[in-house]
Amino acid sequence: MKDQIAKYAGKLLADRSALAGRIAIAANDDVLLADGDPALVRLAGSVLDRLNCLSLVVASPAVPFADFLVARAPAGDCAIVPRDTETRTFLHDIPFLRANDLEADPAARIAQLLGSRKGVVVEGVGIIASGALTVEQAYINYSSVFHATFVKYLEDLLVEGFRLPGEKEAFAAFRTGWLRPLTAEGLVFRPGPLSNPDEILDEVTTVGRYTVERGLVDSFFGNISCRSGDLIYISQTAASLDELSGCIDPVSFGNTSTTGITASSELAAHRRIFETSDAAVILHGHPKFAVVMSMLCEEEGCPVTDCWKDCPKVRIMGGTPVVAGEIGAGGLAKRVPPVIAGPGRAMVYGHGVFTIGRTGFAEAFNALVEVENWCRTEYFRRLALQGITG
Amino acid sequence: MHGWTGTILKVDLTVGRIWREEIPAELLHAYLGGRGLGVRLMRDYFRLDPFDPEMPLIFAVGPLCGTPAPTAARLAVVSRSPLTGTICDCSAGGRFAWRLKAAGLDALFITGQSPTPVALAIDGDSAELLPADTLWGMEVKESVHALAGHGSVATIGPAGENGVLFANIIMGEGNSVGRGGLGAVMGAKRLKAVTVDGAGIVSLADAERFEHARRDVMRLFSASPVIFGELGIARFGTPALVDLMRQRRMAPTENFRKTVFPASGNYSGPAILRDYQAKNDGCFGCPIQCKKSTPQGEHLPEYESVSHFGALNGISSLAAIVKANTICNDLGMDTITAAATLSAWGEIRGRFPSAEEVPALLRAAAGRYGDGGLLSLGSRRLTEQLGRPDLSMSVKGLELPAYDPRGAYGMALAYCTSNRGGCHLRAYPISHEILRKPVPTDRFSFSGKARIIKIAEDTNAAVDSLVACKFSFLGATLEEYAELLSATTGTEFTPQNLKEIGEQIYLTERWYNCENGFTSADDRLPERFYAEPGSSGEGIEVPPIDRARFAEELQKYYRIRGLTPEGTFSDPTYLVRQP
Ligand code: SF4
């Protein structure tokens, strides 16, 4: 289990979601194992001791958006309620504790909140997330909270502007320091079409790793597939896109076998896309600016309240169609296939981006990068239009 | 009170007395219902012989039963198992549970032994014992048919009447109260059936909050490939696992001598769907509908049954497997134990039963005649009597289901720590070791498994007390179910609370078992799994389980549970300190 602690501490640094020196991970085997910043380790141990779960990540996020959300929240609020689909589905909401509500030993209060939710924000400390079964799960939950607060803050900022002392400067630092140019430069793709199973597995594994390395997913989630004859090679559910070796299911179009029951929850969407377009490969990621922009809708007087699942429209953003639809069997599989064939790309409201490649992954990957870059540029353009510049 | 009725119906069959009592609210809050409540109610009885007339047979619903909470129209039946001697609870879905609640009851507590066969008929506030001489001897379907008009039925078949140690109680719609032989406990009481009808409605403390949580659950079901995915159990039923277990090389074959059965494709999920035009079936009110039946309404076998009548006995004919399953259901017998006992017997004889022989052998077991006399005892007693106890593939006398422990080490540990013997459902590590839910774990590693199994056992004890179906948790989590429970009852429950309640239930069960003489010596897999490899191939090595590593993880488990190295309690006051 110690190797797991080291591995996921490393991932928090590699994905730049946590500040170096401000990370602690604790895991309960028959004894408590922990590593990281001593003060955070003490807190992690003390919280974990009170919970019936295996692991805990305590870390300060590399961007201060979670703390800003807490500070900006109205006095009576005690939870952040993001609107993106992943959070709605898997986290529901994110409880927080304000710095001035923390007692000398805040562990009991934090444990109480974590008794009901997978992750919490503690102002001045960071994000604390639990993993019921594995260290990886705590890392995933940390990443999900990081992603959710990131997206929510960008959304709020566009509407409300800066409201806190130091916020503008911190945002400027984020823009110039944390954000990096997003490109596919330097990446090597096989030209395709791919037909050799070993080549397919290798290419899917490689491209999966690229999406994580270039920050096109939250934690390491997303999915990726390649069609070859009667088979779809698709990443498994809950698979790390940067570690896909051994985690790719070959699924037959005819459903003659159910070994693919472990395939991605988006198998239905991938299958329909293959059936209704000339796609040879599909990529699906959750790049942050695309998630933010997909939720911006200027429609006035619209009667739909649950836009993320009920919006019947196809909106166009930068040439990319945007549709609504829940994860898995919940609608996305119906709404994405009809719009993706022409442009080769589609956004799902509050969720992420699907792209296709007609031969190999280069086209799909470049499309994913283009969509995110367009969304990023458009986001900052809109911020500037509002007079909000950081 | 919201969620609960606060009432238990007690029946003394010896004297024919029936009366209602209140259940203290503290007890309901502390044990929820279902398995937890049943286990608590066993406190004064757990030492009795399972066939002692005073041994209770408890039917208990949970606080979510009667609400639209997904998969919550279920109950637990609790008593002491005649097959294993352990405390035993079985969860079953169906209208029976719903109607028991609608009759104003959280539980039904039956003791005594009737001088003649009877049926207990509950209709709203009234209840009576009806003579059942004419029902005695009937198979399940006939019995259900004969009781039509009395609401929902739970009945035993000939196996239960004859004291087959793995007899089931079967619900009118075909759901089994399986494993452990509680049908034989019912038979020993000469209680052929229970019928129940009622019109009560469960009120929700906060309907809006409830609906919000219900939608959260449904969204998670939709997002789960195992549930509503294209290849999931809603479409193919649990036989969706056949291909997966084959591919993972962990499908128990020929009494666990091998772990791959080349002909398993004959009874895979797609094969059953194709050959039988299977239609959706399933527990009342459940949106998943994982059970399948023929267009004529014959129930098709679930994963455990197809695999054990198939691979475990070397039978490749789907028709023969379906027939064996139907016979077990008609006679009221547990399919896993029936098939595993046939398989152990087959290995001892040097010949597994042929597809043609199986029906007659099952009938003989239910009637306890000929070879059936031995078969009716389950594999442990059968192999002991034939001088080959090593060939019973069971833990604590409960036959292992269709997940070879050499292919999933959490499963190996969980078979041994389960309080009702070798059962996959107590901790259900298949969820993460194979199905990758909620996150994948390394199936060939013991690392962290002691803690994971302990947490899952606690969680599932709570789930069995709500009562909800385990399959819900291949998508949803206790977070959403705690919300449903809070919204139903008006009392705040958190996932952490529920796990603590589950822990208390688990430890109470373990206490009963320890008092009845169970120790770490019973927390052990059959020798075969430490000595013989499974069927390696296709790049997957299936070695024997490392005995020392297994023992080390078991000791970790005891420490995490606060037990002694012998797996017993160091604190003699544990039980009396519980509510
Ligand atoms: S999932 Fe299957 S077993 Fe569970 S309640 Fe639904 S139909 Fe019954």
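Rules used throughout
Residues numbered from 1 in each chain as written. Chains lettered and ligands numbered in written order. Predicted model: local features only at pLDDT ≥ 70, side-chain atom pairs only at ≥ 80, totals over all residues. Heavy atoms only, no water. Pairing = 2+ DSSP bridges. Helix = DSSP H or I, 4+ residues; strand = E, 2+ residues; numbered from the N terminus. Contact = heavy atoms within 4.5 Å. Axes fitted to C-alpha atoms, helices over the stretch in contact; angles between N-to-C directions. Domains from an automatic or database assignment. Buried area = accessible area lost by both parts, 1.4 Å probe. Salt bridge = Lys/Arg side-chain N within 4 Å of Asp/Glu carboxyl O. Phe/Tyr/Trp six-rings, centres within 6.5 Å; stacked < 30°, edge-to-face > 60°. Buried < 20%, exposed > 50% of the residue type's maximum accessible area, 1.4 Å probe, protein only. Lys NZ or Arg CZ within 6 Å of the ring centre and 35° of its normal. Polar contact = N/O pair within 3.5 Å; in protein donor to acceptor, adjacent residues only side chain to side chain. pLDDT = per-residue confidence, 0-100. Near = heavy atom within 4 Å. Nonpolar A, V, L, I, M, F, W, Y, C, P; charged D, E, K, R; others polar. Parallel < 35°, antiparallel > 145°, perpendicular 65-115°, else oblique. Left-handed = near helix turned anticlockwise from the far one by under 90°. Expected span 1.5 Å × (residues − 1). Arc of directions from axis to C-beta.

Peer 1: Any details on the sheet that holds strand β2 (residues 32–36) of chain A? Residues and values, ideally.
Peer 2: Residue and element names in this part refer to chain A. The strand order β2-β1-β3-β7-β6-β5-β4 describes an open sheet built from 7 strands, whose pairing is mixed. Looking at strand neighbours, the two that pair on one side only are β2 and β4 (79–80), the edges of this open sheet. Here strand β1 (residues 18–28) pairs with strand β3 (residues 55–61) via 6 bridges, running antiparallel. Its bridge partner lying in β3, Ile25 is registered against Val57. Relative to the sheet, helix α2 (residues 38–48) contacts β1, β2, β3 and β7 (126–131), its axis offset from that of β1 by approximately 30°.

Peer 1: Describe the domain arrangement of chain A, and please don't skip the residues or the numbers.
Peer 2: Residue and element names in this part refer to chain A. Here the domain parsing of chain A yields domain 1 (2–152) and domain 2 (197–385). Put simply, the middle of domain 1 and the middle of domain 2, counted by C-alpha atoms, are 28 Å apart. Contacts between the two partners involve 18 residues from domain 1, matched on the other side by 17 residues from domain 2. Interface area for domain 1 against domain 2, summed over the two sides, is near 1,700 Å², with a carbon-plus-sulfur share of 61%. The tally of links from domain 1 across to domain 2 stands at 3 salt bridges.

Peer 1: Summarise the packing of aromatic side chains; cite the residues concerned and give the values.
Peer 2: By the definition in use, this model includes 40 aromatic pairs over all chains. With a centroid separation of 4.9 Å and an interplanar angle of 75°, the aromatic rings of A:Phe65 and A:Phe174 are classed as edge-to-face. Here the residue A:Phe65 occupies a position in helix α3 (residues 65–72), and A:Phe174 occupies one in helix α7 (residues 167–178), the gap between them amounting to 109 residues. Each member of the pair, A:Phe65 as well as A:Phe174, carries the same accessibility label: buried. Aromatic pair A:Phe189 and A:Phe365: ring centres 5.4 Å apart, planes at 45°, arrangement tilted. Of this pair, A:Phe189 sits in the loop between α7 and α8 (197–213) while A:Phe365 sits in helix α14 (residues 361–385), placing them 176 residues apart in sequence. Residue A:Phe189 shares its accessibility class with A:Phe365, and that shared class is buried. Chaining the aromatic ring pairs together yields one cluster made of A:Phe65, A:Phe68, A:Phe146, A:Phe150, A:Tyr153, A:Phe162, A:Phe171, A:Phe174, A:Trp178, A:Phe289, A:Tyr379 and A:Phe380. Between the NZ or CZ atom of B:Arg561 and the centre of the ring of B:Tyr506, over which it lies, the distance is 3.8 Å.

Peer 1: Help me get a handle on the side chain of A:Glu167, residues and values and all.
Peer 2: All names here are of chain A. Note on placement: Glu167 falls in helix α7. Taking relative accessible area as the criterion, Glu167 reaches 0% and is therefore assigned buried. Within the structure, the side chain of Glu167 is placed 2.7 Å from the backbone nitrogen of Leu164, a separation counted as a polar contact. In this structure Glu167 touches Phe68, Arg72, Tyr153, Leu157 and Phe162, once residues within four positions along its chain are discounted.

Peer 1: Break down the confidence of the model for chain B for me, citing the residues and quoting the values.
Peer 2: Of the residues in chain B, 100% reach a pLDDT of 70 or more, and the chain-wide mean stands at 96. Predicted complex metrics record ipTM = 0.89 and pTM = 0.94.

Peer 1: Which residues make up the site of the ligand, and what values go with them?
Peer 2: The environment of the ligand is formed by B:Thr71, B:Arg74, B:Gly282, B:Cys283, B:Cys286, B:Ile288, B:Gln289, B:Cys290, B:Cys469 and B:Phe471. Along the lines of polarity and charge, the residues of the shell around the ligand split into 6 nonpolar, 3 polar and 1 charged.

Peer 1: Run through the packing of helix α14 (residues 335–349) of chain B against helix α17 (residues 378–385) of chain B, naming residues and quoting values.
Peer 2: Residues and elements named next belong to chain B. Interhelical geometry of α14 versus α17 gives an angle of 20° and a closest axis separation of 8 Å. By the angle between their axes, α14 is roughly parallel relative to α17. The element α14 and its partner α17 pack so that their crossing is right-handed. Contact residues: Thr337, Ala340, Thr341, Ala344, Trp345 and Ile348 in α14; Gly378, Ser379, Leu382 and Thr383 in α17. By residue class, the composition of the contact of α14 with α17 is 5 nonpolar, 5 polar and no charged.

Peer 1: Could you give an account of the environment of A:Ala26, with specific residues and numbers?
Peer 2: Residues and elements named next belong to chain A. Note on placement: Ala26 falls in strand β1. Taking the relative accessible area as the measure of exposure, Ala26 reaches 0% and is therefore buried. Considering only alpha carbons, one finds Ala26 and Cys247, 221 residues apart in sequence, at a separation of 27 Å. Residues within four places of Ala26 in sequence aside, it is in contact with Leu32, Leu33, Ala34, Ala44, Gly45, Leu48, Leu54, Ser55 and Leu56.

Peer 1: I'd like to hear about helix α1 (residues 2–14) of chain A, residue by residue, with values.
Peer 2: Residue and element names in this part refer to chain A. In a regular helix each residue adds 1.5 Å, so 13 residues correspond to 18 Å; α1 covers 18 Å between its end C-alpha atoms and thus fits that length. Residues Ile5, Tyr8, Lys11 and Leu12 constitute the buried set of α1. One side of α1 carries all its buried residues, which in axial view fall inside an arc of 130°. Opposite its buried face, α1 presents the exposed residues Lys2, Asp3 and Ala14, each directed more than 90 degrees away.

Peer 1: Tell me about the pattern of salt bridges, residues and numbers included.
Peer 2: In this structure the tally under the stated criterion is 73 salt bridges over all chains. Between A:Asp306 and A:Lys309 there is a salt bridge whose closest N-O contact spans 3.8 Å. The class for A:Asp306 is partly exposed, based on a relative accessible area of 23%. Of the charged contacts, one joins B:Arg388 and B:Asp390 as a salt bridge, the two residues approaching to 2.9 Å between their closest N and O atoms. With a relative accessible area of 37%, B:Arg388 lands in the partly exposed category. One salt-bridge network, held together by shared partners, links B:Arg35, B:Asp89, B:Arg426, B:Asp464, B:Lys470 and B:Glu509.

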